[in-house]
Amino acid sequence: MEYENLLKLAKEATAKSISPYSNFKVGAALETNDGKIYKGANIESSSYSLTICAERTALFTALIEGEKHFKSIAVVSSSEDYCPPCGACRQVLLDFCGPDLEVVLNNSKNELKVIKLSELIPFSFNGDYLNK
Ligand code: THU
């Protein structure tokens, strides 16, 4: 299966989650167009809103390494259900990865959903509005 390795790495990343408040562990694996993969996990703050999600941890790690072109991101959690990216992550992923990013999700039954980011955040704001 095409996304097996990416999902496996996202699952592995859940072990790095620092989530003492929610106990909800999330892992992400972000793949660049040339096949490099960056992992991330959620890191929670006692001031809850300062928490950072797994998707943004992975993305920011890739960005500081100079990566610019992204193909797909897998997101996995400790729950049995799919873990679709939150609204804030959808916006940030759109800003840096663009509408064609593939968002790869699975659940504990190993059912797969692959969704284009543009479907998850339609009629979106983006940097073009700021340059007019
Ligand atoms: N979380 C993520 O890491 N990614 C998501 O897409 C949804 C939510 C985290 C944030 C917080 O640490 C915990 O899950 C519960 O909201």
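Residues numbered from 1 in each chain as written. Predicted model: local features only at pLDDT ≥ 70, side-chain atom pairs only at ≥ 80, totals over all residues. Heavy atoms only, no water.

Visitor: Even after reading the chapter, I still don't get the site of the ligand, so can you show me in this structure?
Guide: Around the ligand, a shell composed of S22, F24, V26, N42, E44, T51, C53, A54, E55, P84, P85 and C86 is seen. N42 places a side-chain nitrogen or oxygen 2.9 Å from an oxygen atom of the ligand. Between A54 and the ligand, the recorded distance is 2.9 Å, taken from a backbone N or O atom to an oxygen atom. Taking 370 Å² as the accessible area of the ligand by itself, protein coverage stands at 78%. Residue composition of the shell around the ligand, grouped by class: seven nonpolar, three polar and two charged. (Near = heavy atom within 4 Å. Polar contact = N/O pair within 3.5 Å; in protein donor to acceptor, adjacent residues only side chain to side chain. Areas by Shrake-Rupley, 256 points an atom, 1.4 Å probe, with all protein chains shown as cover. Nonpolar A, V, L, I, M, F, W, Y, C, P; charged D, E, K, R; others polar.)

Visitor: So what exactly am I meant to see when it comes to the packing of aromatic side chains here?
Guide: The way to describe two aromatic rings as a pair is by their centre distance and the angle between their planes. For the structure shown, the criterion picks out two aromatic pairs. With centroids separated by 5.6 Å and ring planes inclined at 45 degrees, the aromatic side chains of Y21 and Y48 adopt a geometry described as tilted. Placement of Y21 in the loop between α1 (4–13) and β1 (26–32) and of Y48 in the loop between β2 (37–41) and α2 (54–64) is noted, with a sequence separation of 27 residues between them. In this structure Y21 comes out as partly exposed when scored by relative accessible area, which is 43%. By relative accessible area, which is 60% here, Y48 ends up exposed. Plain terms: the ring middles of F125 and Y129 are 5.2 Å apart, the flat faces sit at 15 degrees to each other, and that makes the pair stacked. Among the residues examined, F125 registers a relative accessible area of 44% and is labelled partly exposed. (Phe/Tyr/Trp six-rings, centres within 6.5 Å; stacked < 30°, edge-to-face > 60°. Helix = DSSP H or I, 4+ residues; strand = E, 2+ residues; numbered from the N terminus. Buried < 20%, exposed > 50% of the residue type's maximum accessible area, 1.4 Å probe, protein only.)

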